[in-house]
Amino acid sequence: HAKQSGRSTYRFFAARMNVEAVAHLALRSGLHRALERGEFELHYQPQVSLNGGTLIGAEALIRWNHPERGLVLPGEFIPVAEDSGLIVPMGDWVLREACRQAALWQAQGHKLTMAVNLSALQFRRGDLEKAVGEALAESGLDPAALELELTESIMIQDHEAVMDMARRLGRMGVQLSIDDFGTGYSSMAYLKRFAVDKLKIDQSFIRDVHTDNDSAAITRAIIQMAHSLNLTVIAEGVEDEAAGIFLRDHGCDQAQGYLYGRPMTALRFEKTILDGAISSDA
Ligand code: C2E
Ligand code: MG
Ligand code: MG
Ligand code: MG
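Below or above, wherever it landed, is the structure these notes cover. (Residues numbered from 1 in each chain as written. Chains lettered and ligands numbered in written order. Predicted model: local features only at pLDDT ≥ 70, side-chain atom pairs only at ≥ 80, totals over all residues. Heavy atoms only, no water.)

**As for helix α2 (residues 74-84)**
In an α-helix, one turn spans 3.6 residues; hence positions three or four apart end up facing the same way. Here is the rule: Summary of the burial criterion: residues with accessible area below 20% of their type's maximum are buried, those above 50% are exposed, and those between are partly exposed, where the area comes from a 1.4 Å probe applied to protein chains only. What counts as a helix is a DSSP run of H or I of at least four residues, what counts as a strand is a run of E of at least two, and both are numbered from the N terminus.
Those residues of α2 lying buried are Phe77, Ile78, Val80 and Ala81. Gly85 sits one or two positions beyond α2 and adopts a positive phi of about 85°.

**Thoughts on the coordination of the magnesium ion (ligand 2)**
The line we're drawing: Sites may look incomplete, because water is not among the atoms used; the donor set itself consists of N, O and S atoms within 2.8 Å of the metal (3.2 Å for Na, K and Ca).
On the protein side, the magnesium ion (ligand 2) has Glu59 (OE), Asn117 (OD1), Glu149 (OE) and Asp179 (OD) as donor atoms, found 2.0 to 2.2 Å from it. Counting gaps between the donor residues of the magnesium ion (ligand 2) yields the pattern E-x57-N-x31-E-x29-D. The two metals, the magnesium ion (ligand 2) and the magnesium ion (ligand 4), are separated by 4.3 Å and share Asp179 as a common coordinating residue. A residue pair is termed long-range when its members are at least 10 positions apart, and Glu149 in strand β5 (residues 146-151) and Asp179 in strand β6 (residues 175-181) qualify at 30 residues. Asp179 shares its class with Glu149; the two are buried.

**Describing helix α12 (residues 266-274)**
Which entries qualify depends on this criterion: The reported arc concerns the directions from the helix axis to the C-beta atoms and nothing else. Residue contacts follow a heavy-atom distance rule, with two residues in contact if any of their heavy atoms lie within 4.5 Å.
Inspection of α12 places Ala266, Phe269, Thr272, Ile273 and Leu274 among the buried residues, and these make up the whole buried set. Angularly, the buried residues of α12 cover 155° about the axis, an arc narrow enough to put them on a single face. Summarising the geometry of α12, the exposed residues directed more than 90 degrees from the buried face are Leu267 and Lys271. Packing partners of the buried residues in α12 comprise β1 (40-49), β2 (55-66) and α3 (87-107).

**A word on the packing of aromatic side chains**
Under the convention used in this document: Under the pairing criterion, centres of Phe, Tyr and Trp rings, with the six-membered ring standing for Trp, must be within 6.5 Å; the plane angle then separates stacked pairs below 30 degrees from edge-to-face pairs above 60, leaving the rest tilted. For a lysine, the NZ atom is tested; for an arginine, the CZ atom; a charge sits over a ring if that atom is within 6 Å of the ring centre and within 35 degrees of the ring normal.
Under the criterion given, the structure shown has 6 aromatic pairs. Relative to Phe77, the ring of Phe40 has its centre 5.7 Å away and its plane inclined at 40°; by these criteria the two rings are tilted. Of the two residues, Phe40 sits in strand β1 while Phe77 sits in helix α2, which places them 37 residues apart along the sequence. The pair formed by Phe40 and Phe77 is uniform in burial state, with each residue classed as buried. With centroids separated by 6.4 Å and ring planes inclined at 65°, the aromatic side chains of Tyr44 and Phe269 adopt a geometry described as edge-to-face. Here Tyr44 is found in strand β1, whereas its partner Phe269 is found in helix α12, with 225 residues between them in sequence. In terms of burial, Tyr44 and Phe269 fall into one category: buried. Put simply, the rings of Phe40, Trp64 and Phe77 touch in pairs and so form one group of aromatic residues. Sitting over the ring of Tyr258, Arg262 keeps its end group 3.9 Å from the ring centre.

**Some thoughts on the environment of Pro46**
Tracing the sequence through the fold places Pro46 in strand β1. Looking at Pro46, the relative accessible area reads 0%, which means it is buried. As for Pro46 and Pro89, which are separated by 43 residues in sequence, their C-alpha atoms are 26 Å apart. Not counting residues within four places of it along the chain, the set of residues in contact with Pro46 comprises Leu55, Gly57, Ala255, Gln256, Tyr260, Gly261, Arg262, Met264, Phe269 and Ile273.

**Considerations on the pattern of salt bridges**
Let me state the cut-off plainly: A pair is scored as a salt bridge if a Lys or Arg side-chain nitrogen falls within 4 Å of a carboxyl oxygen belonging to Asp or Glu.
Tallied over the full model, the rule gives 11 salt bridges. In this structure, Glu76 and Arg69 form a salt bridge, with 2.8 Å as the shortest nitrogen-oxygen distance. Since its relative accessible area comes to 39%, Glu76 is described here as partly exposed. Notably, a salt bridge pairs Asp164 with Arg167, separated by 3.9 Å at the nearest N-O pair. With a gap of 3 residues between them, Asp164 and Arg167 both fall in helix α7 (residues 159-172), about one helical turn apart. Salt bridges sharing partners connect three or more residues here, namely Glu59, Glu149, Lys200 and Glu236.

**Quick notes on the pairing of β5**
Basically, it comes down to this: Two strands make a pair as long as DSSP finds a minimum of two bridges between them.
Among the 6 residues of β5, 5 are classified as buried, and the element is accordingly described as predominantly covered. One ladder, built from 4 bridges, connects strand β4 (residues 113-117) with β5; its direction is parallel. Directly across from Val116, in β5, lies its bridge partner Leu148.

**Details of the site of ligand 1**
Selection rule: We call a residue near a molecule or strand whenever a single non-hydrogen atom of that residue lies within 4 Å of it. As used in this structure description, the phrase polar contact means that two N or O atoms lie within 3.5 Å; if the pair is within protein, one of them must be able to donate a hydrogen and the other to accept it, and residues adjacent in sequence are counted only when both atoms belong to side chains. Under the grouping applied here, Gly and all other residues not named as nonpolar or charged are polar, the nonpolar ones being Ala, Val, Leu, Ile, Met, Phe, Trp, Tyr, Cys and Pro and the charged ones Asp, Glu, Lys and Arg.
Looking at ligand 1, there are 23 residues lining it, with Arg63, Asp179, Gln203, Glu239 and Tyr258 nearest. Within the side chain of Arg63, an N or O atom sits 2.8 Å from an oxygen atom of ligand 1. Separating an oxygen atom of ligand 1 from a side-chain N or O atom of Asn117 is a distance of 2.9 Å. Sorting the residues of the shell around ligand 1 by element identifies β2, α2, α3 and β6 as the ones contributing at least two each. Residues belonging to the shell around ligand 1 are distributed by class as follows: 10 nonpolar, 6 polar and 7 charged.

Right, here's the structure in full:
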């Protein structure tokens, strides 16, 4: 009995593993084709100053405009792109496209920064400096308007090489920020040595910052720490007016979240964010 059910369990798992492996392979080759055919697009989410509410920047977020499935979110394909190494050419495209768009908006008279997410593989690769340099040169964007977002996990892996890369990027004049801050393992010493410019408080703390004592305490501590290290601090995932008020009252510099605008196409960003006041129904 036991043997039999063991065997069928095994068969079940083997079959499921096959289905997953095939799906993974299909996704991999789909991503290669998508890059060749230009099926990726960037959406932009506004970032605002909490002191006055003005637009200060945008974060570029990748989407896959799949011919059959429609818009696919990065949570589904970034891990596969990282596994296969495709994240490197994909990341180069993101850098060029985000810089091109930012330079265009700047030329139209809008003063804003552009934040771009980086994966560990891009950061560890020797020629990230070259990719960033090319995206800046091609677009003519002021390096100070480009902000590269890295995660705490990037900082702790191979940190001498990563720190060296961070320094070189800093010398080019680009800004560095730590995304999802508070969920990883970075210490204050790392922050100091990395020449980071900005911390992005993770949305898990912001979601209930106005109702949960622990989230409120963590958020206040991050704001204080950032300011004592002379860093800018931004809250991400701000959905409620009450959270926005809490953050402003506690000295947080900037915010990003559905309250101020969802990620949207460049065209919509121009129409609803750049050509008018920021509206929360974007
Ligand atoms: P992230 O960089 O932390 O981006 C914030 C995510 O939170 C985005 O999800 C955004 O749409 C979502 N978000 C923003 N405001 C709110 C809010 O008020 N409430 C809620 N519930 N969510 C909010 P998205 O676009 O699905 O991206 C997920 C992650 O994928 C990003 O997290 C980033 O780690 C990664 N990613 C996105 N684009 C790129 C890219 O071009 N390259 C790399 N390497 N990673 C990317
Ligand atoms: Mg980010
Ligand atoms: Mg700097
Ligand atoms: Mg984040």
